[in-house]
Amino acid sequence: MTHPNIVILTGAGISAESGLGTFRDEGGLWAQHRIEDVATPEGFARNPQLVVDFYNARRAQAAEATPNPAHLALARLQAEHSGQVLLVTQNVDSLHEKAGSTNAVHMHGALASALCAACEVRWEAPLTMHVGEACPSCSRPTARPDIVWFGEIPYHMDRIERALMEADIFAAIGTSGNVYPAAGFVQMAAHVGAKTVEMNLDPSATVNLFEEVRPGKASETVPQWVDSLLSD
Ligand code: NAD
């Protein structure tokens, strides 16, 4: 295959070595809060201050973080590979962008972005958002973090599914395979004959669906995988 189309899915595990906790980390931000309280539209309606504070804390933490060798290797792959590379992330941090990736698709939203719940306009989020902040477009007090919460529809699904239908290689990195639709991407890619590879510290919930498994830390496995692709 001379110019394979590559689709890559990343999850919290790729940012773990940059100091951003995964969802399962003991003592991490997530461990101190219930998902229903901070990551659902109902939680936001019940207690917007708690939710805005939670994402302010995550935004502050993410602003300090720097990309690790896994993010840098994926940016290098995007720059040097002759075929298409679609980088899809479930992460809301900006570490792919900080590493030099210009077109990462944030299917679960981004801490760096604010969204108007009324008119759906987006703008750059300040480091600290406030409850009831006015939308710069419609002026209503309906600003919210631009995060896809449980029960909401992930972004850019048409584009992602189109890319999966044309994928020759699909890789999932640092994701536990528990949250759909992302956890179903491996099946879609395998269905069209793509070679599938998992790079994760622990086997994911969908590990058996992958053709190849490269266990270990993303900072080690991802640069090795990228080197092997670029030298093919
Ligand atoms: P996750 O925390 O569920 O899984 C992270 C995975 O990364 C684990 O399988 C772990 O083995 C692996 N990992 C940890 N360190 C690693 C390293 N150094 N190198 C490689 N792999 C490493 O995260 P996820 O799969 O991204 O979660 C998916 C989505 O779930 C998130 O985008 C979020 O929207 C949603 N979510 C999940 C929870 C939850 O509690 N499961 C809570 C809120 C939101």
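Provided above is the structure to which this section pertains.
None of these values were measured; they are calculated from a predicted model.

Here is what the cut-offs are and how they apply
- Residues numbered from 1 in each chain as written.
- Predicted model: local features only at pLDDT ≥ 70, side-chain atom pairs only at ≥ 80, totals over all residues.
- Heavy atoms only, no water.
- Helix = DSSP H or I, 4+ residues; strand = E, 2+ residues; numbered from the N terminus.
- Expected span 1.5 Å × (residues − 1).
- Buried < 20%, exposed > 50% of the residue type's maximum accessible area, 1.4 Å probe, protein only.
- Contact = heavy atoms within 4.5 Å.
- Polar contact = N/O pair within 3.5 Å; in protein donor to acceptor, adjacent residues only side chain to side chain.
- Salt bridge = Lys/Arg side-chain N within 4 Å of Asp/Glu carboxyl O.
- Axes fitted to C-alpha atoms, helices over the stretch in contact; angles between N-to-C directions.
- Parallel < 35°, antiparallel > 145°, perpendicular 65-115°, else oblique.
- Left-handed = near helix turned anticlockwise from the far one by under 90°.
- Nonpolar A, V, L, I, M, F, W, Y, C, P; charged D, E, K, R; others polar.

Trainee: Got a minute to help me understand helix H5 (residues 69-80) in this structure?
Mentor: In an α-helix, one turn spans 3.6 residues; hence positions three or four apart end up facing the same way. When the terminal C-alpha atoms of H5 are compared, their 16 Å separation across twelve residues agrees well with the 16 Å that a helix rising 1.5 Å per residue should span. Taken together, the buried positions of H5 are occupied by Ala70, His71, Ala73, Leu74, Ala75, Leu77 and Gln78. Where H5 is buried, its residues meet strand E1 (6-10), helix H1 (12-16), strand E2 (85-89), helix H6 (95-98), strand E7 (169-173) and helix H9 (218-231). Its side-chain oxygen at 2.8 Å from the backbone nitrogen of Ala70, Asn68 defines the N-terminal cap of H5.

Trainee: Before we go on, may I ask you to explain the pattern of salt bridges in this structure?
Mentor: Where charged atoms from two side chains of opposite charge approach closely, those side chains can pair. Counting across every chain of the model gives eight salt bridges. One salt bridge connects Asp37 with Arg46, and the closest N-O pair in it is separated by 3.3 Å. We classify Arg46 as exposed; its relative accessible area is 56%. Here Arg144 ties to Glu152 by a salt bridge, and the two come within 2.9 Å at their closest N and O atoms. Classification of Arg144 as buried rests on a relative accessible area of 9%. By relative accessible area, Glu152 is classed as partly exposed at 26%. Here the salt bridges do not stand alone but share partners, grouping Arg34, Glu36, Asp37 and Arg46 into one network.

Trainee: Even after reading the chapter, I still don't get the packing of H5 against H9, so can you show me in this structure?
Mentor: Two elements in contact, H5 and H9, have axes whose closest approach is 7 Å; the angle formed by their N-to-C orientations is 15 degrees. In terms of orientation, H5 and H9 fall into the roughly parallel class. H5 and H9 meet at a crossing whose hand is left-handed. Counting all contacts with H5, which are made through Pro69, Ala70, Ala73, Leu74, Arg76, Leu77 and Glu80, the residues of H9 involved are Ala218, Ser219, Val222, Pro223, Trp225, Val226, Asp227, Leu229 and Leu230. Looking at the contact of H5 with H9 residue by residue, the classes come out as twelve nonpolar, one polar and three charged.

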